Structure formats: structure tokens, C-alpha cells
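Examination of the molecular architecture
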Amino acid sequence: MEQPILEIKDISKYYNDIKALDQLGFTLHKGEIFGLLGPNGAGKTTLISILSGTVKDFSGTVRFKGEDLFANRRLKNDIGIVPQDMAFYEDLNAMDNLLFWGGLYNIPPKELKRRALQLLDIVELSTRSKEPVKNFSGGMKRRLNIAIGLIHQPELLLLDEPTVGIDVQAKVRILDIIKKVGMEGTSVIFTTHQLSEVEEICQRIAIMDKGSILASGTLEQLVKLVEEKEVVDISGDFESSRIVPVIEKLPAADILAVEDGIVTIALDDTDQLPAVLSHLFQNTIEITDIKIKSPNLEAVFLKLTGRSLRD
Ligand SMILES: Nc1ncnc2c1ncn2[C@@H]1O[C@H](COP(=O)(O)OP(=O)(O)O)[C@@H](O)[C@H]1O
Ligand SMILES: [Mg+2]
């Protein structure tokens with residue numbers, strides 16, 4: 001098999017007493033779109049910041065194209081970064097922003113102009129390239145941010161939650177752009193807390209929580225982790241503290257996640273459901289709704305983290 005483009009091993013990072021990353025590791029292959037899925041506080045931004053060189057004082061190793069990423073400064077030029085907080089000049093127009101950011105690299109002016117035009121086309125901003133960026137919508141700003149990350153033609157693009165705070169249509173356009181970038185051969189790491197996004201565009205997915213990767217693989221591989229189980233949402237007028245001990249008495253049911261009014265359990269078979277319901281009934285727990293779900297990434301996430309991404 002081809003040598004991975006990026007190999008991350010045992011990265012740990014503390015902010016004073018807070019352990020933001022805990023021996024995190026994964027590998028990325030060339031041209032792969034890799035999704036890092038994790039709730040707020042999982043450590044996604046910390047990891048992206050370490051890879052982009054803005055967060056220091058960590059332990060562990062990162063090899064990029066077979067070399068130590070932090071020992072060879074030249075390697076940084078092959079990485080493009082699209083940070084969560086957007087970086088550009090609001091008073092400049094989109095074209096001038098691209099020329100400015102591209103100017104930080106050794107790109108001949110003619111070539112820089114050519115790339116800027118091409119990228120404005122890819123991110124669908126060609127017709128608005130002369131307007132100050134401050135007039136742009138959130139989605140347009142995010143698209144410009146991606147173009148800036150690509151101006152020096154990096155081999156690896158890091159995107160930190162590029163779809164946060166924009167509407168559904170704007171999101172779809174951003175996901176399409178990321179897909180296109182991946183198809184051109186650029187490797188992509190993309191963080192999100194949205195299940196549907198990684199399901200849609202990523203070849204491989206890592207589930208991240210509390211600073212570590214709990215599982216990684218293709219969607220099919222990950223879903224296999226819960227495939228043998230039936231996942232059931234039980235809703236009702238109950239408090240989580242009351243329903244948990246009641247369900248714990250049932251050996252057949254595993255609690256995947258619980259909050260007031262809704263508990264998600266895994267059963268080996270739906271045949272076991274009537275017994276579960278009658279047990280709840282005997283314990284005077286009122287049920288208003290039952291939903292049987294096919295195994296999906298959400299169930300995997302619940303199983304691995306014990307909580308829902310919506311929390
Ligand atoms: N500059 C910082 N100082 C102190 N704690 C931080 C800092 N940045 C992040 N953290 C903490 O590190 C953990 C991971 O944060 P972060 O990497 O931002 O996660 P995510 O991007 O997945 O939401 C959180 O507990 C967060 O509060
Ligand atoms: Mg973040």
C-alpha cells in the first residue's frame with residue numbers, strides 16, 4: 001500500500017490542567033477526504049492548530065510526506081489552512097485578498113493572478129470578486145476562506161468546521177467544493193460536529209471525543225460496530241435519573257444515551273422490546289413514543305461516547 005501522506009501519533013496537549021488531546025493518532029492517505037467528527041470541546045481545533053503550527057507545547061509526532069512536519073519548515077508550504085475563525089481583510093475585495101495571501105508565498109505574479117481567478121471560479125465568487133468582503137454573506141466569506149487556503153496549491157488542506165453558522169444551501173455548496181478539491185487529488189482533513197456531513201463527503205471518518213479518536217474507518221466499517229444491535233429511542237415523561245436504574249436491571253438492554261424524556265438503548269433483537277416496555281410499565285414509567293432505528297453513524301457515536309452529538 002502507498003505510504004500515507006500524514007501520520008499522526010500519540011499527540012497529547014494540555015492547556016494548564018485541561019487535557020485537550022490525549023494520545024491522539026491516525027493516518028491519512030493521499031487524496032483522501034478524512035472527517036473528524038466530534039462534539040464541542042473534543043479537541044478538533046486544537047489538533048488543526050497543532051498541524052498548522054499555531055499551537056505549540058504538545059507531545060507526539062506528525063510525519064508529513066515521510067518527514068517530521070515540525071523539523072522541516074518547508075513542509076508547511078504544502079499545507080493549506082481554513083481556520084474556524086475566518087482570516088481575511090474585510091475592506092479588501094475577494095481578488096485582492098487572494099493576491100495578498102498568495103503574496104506570502106513565492107508565487108510569480110502572473111501565476112498568482114491565474115490561480116486566484118481559477119479559485120474564484122471554483123468557489124463561485126467570480127462575479128463578486130471586486131466587492132469588499134465586508135458585503136459578503138456568511139457562506140460567501142466561508143468560500144473565500146477556502147480559496148485563500150488553496151492559493152498556494154497545498155497537497156493537504158485542513159478545514160476546521162467550515163460549515164458552522166451558515167444556512168443549509170450555503171453548506172451544500174461548501175461540501176461540494178470540498179468534494180471537488182478532494183477529487184483533484186488534494187488530501188483533506190475536515191472537522192465537524194455534523195454527522196450528515198461526514199456521511200456525505202468523507203472517504204474515512206474518525207469519531208473523536210475528549211481528545212482521542214475512539215474509532216476510525218469507512219462509514220461501512222464504523223456502522224459494523226453496532227450492526228448486530230437494534231437501536232431504539234424510547235420517549236416519555238421521565239427523568240433520566242429515574243429511568244436509568246430501571247433499564248439497568250434488564251440484561252438485554254444497553255443504554256447508549258439518556259437525557260430527560262428520551263433514552264436510546266441497544267437490543268440484540270427487537271423481539272426483546274415487549275419485555276423492556278412491560279418492565280418500564282411495571283415501574284410506572286410513562287412511554288409516549290418508540291422509534292426503532294437502523295444502525296447508523298449516530299448509533300455508533302452513541303455507543304462509543306455514551307452521548308448524543310446534539311448535547
Ligand atoms: N487556549 C485555550 N486555553 C485553555 N483551554 C483551551 C484552549 N483552547 C481549547 N481549550 C480547551 O481544550 C479542549 C478542546 O478544545 P477545542 O480544541 O477547541 O475543541 P473543539 O474544536 O473540538 O470544540 C476544551 O476543553 C477547551 O475548553
Ligand atoms: Mg473547534
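Above: the structure in question.
Quick summary incoming for the structure in this document. Residues take numbers from 1 onward in each chain, read along the sequence in its written order. As they are written, the chains are lettered A onward and the ligands numbered 1 onward, keeping that order. Where totals are concerned, whole chains, interfaces and linings use all residues; where local detail is concerned, this predicted model gives features only for residues with pLDDT of at least 70, and gives and counts side-chain atom pairs only at 80 or more. Water and hydrogen atoms were dropped before computing side-chain values, which therefore reflect all heavy atoms in the structure.

1. With respect to the coordination of the magnesium ion (ligand 2)
Basically, it comes down to this: Sites may look incomplete because water is not among the atoms; the donors themselves are N, O and S atoms within 2.8 Å of the metal, or within 3.2 Å for Na, K and Ca. Segments assigned H or I by DSSP are reported as helices when at least four residues long, segments assigned E as strands when at least two residues long, and all are numbered from the N terminus.
Protein-derived coordination of the magnesium ion (ligand 2) comes from Thr45 (OG1) and Gln84 (OE1), at a distance range of 2.0 to 2.7 Å. Taken together, the positions of Thr45 in helix α1 (residues 44-52) and Gln84 in the loop between β6 (79-82) and α2 (94-102) put the pair 39 residues apart, joining distant regions of the chain.

2. With respect to the site of ligand 1
Selection rule: We define proximity as follows: a residue is near a molecule or strand when any one of its heavy atoms falls within 4 Å of that partner. Throughout this description, a polar contact denotes any pair of N or O atoms lying within 3.5 Å of each other; where both atoms belong to protein, one of them has to be capable of donating a hydrogen while the other can accept it, and for residues adjacent in sequence the pair is counted only when both atoms sit in side chains. All accessibility values rest on the Shrake-Rupley procedure with a 1.4 Å probe; residue burial counts only the protein chains present in the view. Residue polarity is assigned by list, with Asp, Glu, Lys and Arg as charged and Ala, Val, Leu, Ile, Met, Phe, Trp, Tyr, Cys and Pro as nonpolar; anything else, Gly included, falls into the polar class.
In the vicinity of ligand 1, the contacting residues are Tyr15, Ile18, Ala20, Pro39, Asn40, Gly41, Ala42, Gly43, Lys44, Thr45 and Thr46. At a separation of 3.2 Å, an oxygen atom of ligand 1 approaches a polar backbone atom of Ala42. Measuring from an oxygen atom of ligand 1, one finds a backbone N or O atom of Lys44 at 2.9 Å. Compared with its free state, where it exposes 560 Å², ligand 1 has 61% of that area covered by protein. Among the secondary structure elements, those contributing two or more residues to the shell around ligand 1 are β2 (18-28) and α1. Here the shell around ligand 1 takes three residues from α1, the largest share from any one element. Split by residue class, the shell around ligand 1 holds five nonpolar, five polar and one charged.

3. Looking at the packing of α2 against helix α3 (residues 109-122)
What counts is decided by this rule: Under this scheme, a helix contributes an axis fitted over its contacting stretch, all axes are lines through C-alpha atoms, and angles between N-to-C directions fall in the 0 to 180 degree range. Note that the term roughly parallel is reserved for angles under 35 degrees, roughly antiparallel for angles over 145, roughly perpendicular for angles of 65 to 115, and oblique for everything else. Put simply, a crossing is left-handed when the front helix is turned counterclockwise from the back one by less than a right angle, and right-handed when it is turned clockwise. Residues count as neighbours in contact if any of their non-hydrogen atoms are within 4.5 Å of one another.
Two elements in contact, α2 and α3, have axes whose closest approach is 10 Å; the angle formed by their N-to-C orientations is 130°. Comparing the axis directions of α2 and α3 gives the class oblique. The element α2 and its partner α3 pack so that their crossing is right-handed. When α2 is examined against α3, the residues Ala94, Met95, Leu98, Leu99 and Gly102 are found in contact with a partner set consisting of Leu112, Lys113, Ala116, Leu117 and Leu120. Classifying every residue of the contact of α2 with α3 by side-chain character gives eight nonpolar, one polar and one charged.

4. A look at a nonpolar patch on the surface
We apply this condition: Patch construction takes residues with relative accessible area above 30% that form no salt bridge. Like charges are linked within 9 Å, and nonpolar side chains (Val, Leu, Ile, Met, Phe, Trp, Tyr) are linked within 5 Å. Any Lys or Arg side-chain nitrogen located within 4 Å of an Asp or Glu carboxyl oxygen qualifies as a salt bridge.
Together, Tyr89, Leu92, Phe100 and Leu104 line one region of the surface with nonpolar side chains, adding up to about 360 Å² of accessible area. You can see Phe100 is positioned in helix α2.

5. Thoughts on the layout of surface pockets
It is the rolling of a water-molecule-sized probe over the atoms that shows where space remains empty. Cut-off, in case you're wondering: With a 1 Å grid spanning the protein atoms alone, the term cavity applies to any set of points in which a 1.4 Å probe fits but cannot get out, the term pocket to an open set with protein on both sides within 12 Å along at least five of seven lines, and the term lining residue to any residue with an atom within 4 Å of a point. Grid points are joined across faces, edges and corners, and a volume is the space filled by probe spheres set on the points.
Here the largest pocket defines a volume of roughly 490 Å³. Taken together, 23 residues form the lining of the largest pocket, with Ser52, Gly80, Ile81, Pro83 and Ala87 sitting closest to its centre. At the level of elements, α1, β6 and α4 (138-150) are the ones that each hand at least two residues to the lining of the largest pocket. Examining the composition of the lining of the largest pocket, we find that five residues originate from one element, α1, more than from any other. Across the lining of the largest pocket, the residue classes break down as 11 nonpolar, nine polar and three charged. When its volume is computed, the second largest pocket comes out at roughly 330 Å³.

Structural measurements only, silent on function.
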